[in-house]
Amino acid sequence: MSGFENFWAIYGNLVLTLGTNALLALSIWLTLACGMLAMANAAFMGIGAYAAALLTMNYDAPFSVALLGGMAAPAVVALLIGLPTLRLSGVYLAMATLGFGEVVRVTILNTESVTGGALGLNGIPQLTQWWHVALSVVIVVFVLWRVRASKVGRAFDAIRGDETAAGLMGINVRSSKMLAFVAGAAIAGLAGALNAHLTFFIGPNEYGFDRGVEILTMTILGGIGSLIGPLVGSFIITLLPEMLRGFSDFRLVVNGLILVLIVLFLPQGIWDPARFKRWFKGGKHA
């Protein structure tokens, strides 16, 4: 066995998890970029994972169809719950979307005949290949990069800065928020579908509060000032448990501590282009 094959046999799943976590970080970046603290991405990931897994297990659907189903299901749900919840903002929106996540978890637990209940789904075909994950990340980053430079992206920035002023400038605030919310749900669903066909097993507890905090931590740690930030944050949070295996039982505590430290000392995250420019200018003048 060659060196690369040996490396892939040991760390292949970790590398692919880096990609799926990058998608999750980008999914919540999209809502944060529009000024919404929505905490439903873990639930959307779970909906996408179960939808895709059921399509391949029960209906022998092609993997491409399963991925599309995994994106469509949470997008439709996001559209439905977004109608009442997106009237809220700040901590109230966070509480409402956290409540929705709990509803999803309890629903999965009580539909045992379909979802396997607390036992989850076993025997999911391991169809996810490295290029599926890599291509998904590249496409999502490219699309979001184009959106960020477009009129829609500028509307998101305006809403995040001042929602009232954005509305007075003629921006349809409600439609823009709905677009970000639904698109973020679809990306989270894609991550869930890819992850479900990578890990062989999924269960309801994988998509609860802990995962929601982890996804938020990735993006806040990296920073929402650019698309690079969520990628950096997702890589750090994914690799941290591997480097600190002895503290695996305290993973949620570590994530919470990271959030507090970032808010206190690096409010714009690790990847802050504005801070880099200041450092560069300061170095030049020195």
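Residues numbered from 1 in each chain as written. Predicted model: local features only at pLDDT ≥ 70, side-chain atom pairs only at ≥ 80, totals over all residues. Heavy atoms only, no water.

A. Layout of the UniProt feature "transmembrane region" (unreviewed entry) in the chain. According to UniProt, the feature "transmembrane region" (unreviewed entry) maps to residues 6-30, 37-57, 63-83, 129-147, 178-203, 215-240 and 252-271 in the numbering used here. Between the C-alpha atoms that bound residues 178-203 there is a distance of 29 Å. The span itself is 85% helix and 0% strand. Taken end to end, residues 215-240 is 81% helix and 0% strand, and its first and last C-alpha atoms sit 14 Å apart. (UniProt positions renumbered as here; feature names shortened; annotations may be inferred. Helix = DSSP H or I, 4+ residues; strand = E, 2+ residues; numbered from the N terminus.)

B. Structural context of the pattern of salt bridges. In total, this model carries four salt bridges according to the counting rule given. Residues Arg 105 and Glu 102 are paired through a salt bridge, measuring 2.6 Å at the closest nitrogen-oxygen approach. Of this pair, Arg 105 and Glu 102 both sit in helix H4 (residues 90-109), three residues apart, which is roughly one turn of that helix. Taking relative accessible area as the criterion, Arg 105 reaches 22% and is therefore assigned partly exposed. Judged by its relative accessible area of 38%, Glu 102 is partly exposed. (Salt bridge = Lys/Arg side-chain N within 4 Å of Asp/Glu carboxyl O. Buried < 20%, exposed > 50% of the residue type's maximum accessible area, 1.4 Å probe, protein only.)

C. Expanded view of the packing of helix H2 (residues 41-59) against helix H3 (residues 63-85). At a closest axis distance of 8 Å, the pairing of H2 and H3 adopts a crossing angle of 140 degrees. With respect to H3, the element H2 is oriented oblique. Crossing angle aside, the handedness with which H2 passes H3 is right-handed. Between H2 and H3, the residues in contact are Phe 44, Ile 47, Gly 48, Ala 51, Ala 52, Leu 55 and Thr 56 and Val 65, Ala 66, Gly 69, Gly 70, Ala 73, Pro 74, Val 77, Ala 78 and Ile 81, respectively. (Axes fitted to C-alpha atoms, helices over the stretch in contact; angles between N-to-C directions. Parallel < 35°, antiparallel > 145°, perpendicular 65-115°, else oblique. Left-handed = near helix turned anticlockwise from the far one by under 90°. Contact = heavy atoms within 4.5 Å.)

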